[in-house]
Amino acid sequence: MLKFSYRSFTLLILFAATTAASAATLLIKNTSPGFVMQEYAVYTTCSLDDQGMLVMTSRLNGLSSRKTVPEQFSVGSIRKAIAEAASGSIKTPERQIVDMPSSTYHAYHRQSGGKVAKVFLYEDNGNPDINTYNESPAAMSLRNFMDAICK
């Protein structure tokens, strides 16, 4: 009689799962409502990884949701744009308003040696005069790309 070892099978599955290539986040967009009543305070996060998955999460007063959508895009093109945005200069306004709704955009740039750097792209506070942004045209393209797919 052949004995089947569940322990060996379980270890084999765990080993395969941990050695599989994990997805790395390329782009992320976070929105926060600013100072509003708790019943209206919706926080959202939208992230795109290098495996083609778009993950959208929403949180409101103890409620949360998560939706994962497969996307088709050129990872090479996005990484190239991120590398260009990484060399852009950041323009910060002289005055800042707090407690306003905001959206922030970041990218993640893999550098030589495997280190990953967070690249600031844009912070939208609802008024162009007080927004902080990366002056690289690639940063604006990445921001607009995230706005298009994070709906």
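Q: Any chance you could break down helix 3 (residues 137-149) for me, citing the residues and the numbers?
A: Compared with an ideal rise of 1.5 Å per residue, which puts 13 residues at 18 Å, helix 3 spans 19 Å between its outermost C-alpha atoms and is within 8% of the ideal. Listed in full, the buried residues belonging to helix 3 are A138, A139, L142, R143, M146 and I149. In an axial view of helix 3, the angular spread of the buried residues amounts to 140 degrees, which keeps them on one side of the axis.

Q: Can you lay out the state of the cysteines for me, pointing to particular residues and giving the numbers?
A: This structure, assessed with the given rule, holds one disulfide. The residue that forms a disulfide with C46 is C150, at a sulfur-sulfur distance of 2.0 Å. Between C46 and C150 the sulfur-sulfur dihedral comes to about -80 degrees; the bridge is accordingly left-handed. Highlighted residues: C46 in strand 2 (residues 42-49) and C150 in the segment after helix 3, separated in sequence by 104 residues. Considered together, C46 and C150 belong to a single accessibility category, that of buried residues.

Q: Quick one: what's the story with the packing of aromatic side chains, residue by residue and with numbers?
A: If you walk through the whole model with that rule in mind, you get two aromatic pairs. Aromatic ring contacts, followed pair by pair, group Y105, Y122 and Y133 into a single cluster. Positioned over the ring face of Y122 is R143, at 3.9 Å from the centre of the ring.

Q: Please set out the pairing of strand 2 residue by residue, giving values where relevant.
A: For strand 1 (residues 25-32) and strand 2, the ladder comprises six bridges, and the chain directions are antiparallel. Each residue of the ladder has a partner; that of N30, found in strand 2, is T45. With seven bridges connecting them, strand 2 and strand 3 (residues 53-60) associate as antiparallel partners. Pairing of Y43 across the sheet is with R59, part of strand 3. Counted between consecutive antiparallel strands, the loop separating strand 2 from strand 3 contains three residues, among which G52 sits at a positive phi close to 90 degrees.

Q: Which residues make up the nonpolar core, and what values go with them?
A: Counting 21 residues, the largest nonpolar core has L27, I82, L121, L142 and M146 as the members making the most contacts within it. Residue assignment for this core shows that the elements contributing at least two residues are strand 1, strand 2, strand 3, helix 2 (75-86), strand 6 (102-110), strand 7 (116-124) and helix 3. With five residues, the top contributor of residues to this core is helix 3. Once residues within four sequence positions are removed from consideration, L27 is found in contact with C46, S47, L48, I78, I82, H106, A107, L121, L142, F145 and M146.

Q: Outline the sheet that holds strand 1, supporting the account with residue identities and numerical values.
A: The sheet built from eight strands is open, its strands ordered 4-3-2-1-6-7-8-5 with antiparallel pairing. Only two strands of the sheet have a single partner each, and these edge strands are strand 4 (63-70) and strand 5 (90-91). Its contacts with the sheet put helix 2 on strand 1, strand 2, strand 6, strand 7 and strand 8 (132-134), and the angle it makes with strand 1 is roughly 65 degrees. Across the face of the sheet, helix 3 comes into contact with strand 1, strand 2, strand 3, strand 6, strand 7 and strand 8 while running at roughly 70 degrees to strand 1.

Q: Could you give an account of helix 2, naming the residues involved and the relevant values?
A: Between its terminal C-alpha atoms helix 2 stretches 16 Å, which fits the 16 Å expected from twelve residues at 1.5 Å a residue. Considered for burial, the residues of helix 2 that qualify are I78, A81, I82 and A85. For helix 2, the buried positions fall inside an angular range of 105 degrees around the axis, keeping them on one side. Facing away from the buried side of helix 2, by more than 90 degrees, are the exposed residues G76 and K80. Where the residues of helix 2 are buried, they touch strand 1, strand 2, strand 6, strand 7, strand 8 and helix 3.

Cut-offs used in this document
Residues numbered from 1 in each chain as written. Predicted model: local features only at pLDDT ≥ 70, side-chain atom pairs only at ≥ 80, totals over all residues. Heavy atoms only, no water. Helix = DSSP H or I, 4+ residues; strand = E, 2+ residues; numbered from the N terminus. Expected span 1.5 Å × (residues − 1). Buried < 20%, exposed > 50% of the residue type's maximum accessible area, 1.4 Å probe, protein only. Arc of directions from axis to C-beta. Disulfide = S-S within 2.5 Å. Phe/Tyr/Trp six-rings, centres within 6.5 Å; stacked < 30°, edge-to-face > 60°. Lys NZ or Arg CZ within 6 Å of the ring centre and 35° of its normal. Pairing = 2+ DSSP bridges. Core = buried A, V, L, I, M, F, W, Y, C linked by side-chain atoms within 4.5 Å. Contact = heavy atoms within 4.5 Å. Axes fitted to C-alpha atoms, helices over the stretch in contact; angles between N-to-C directions.

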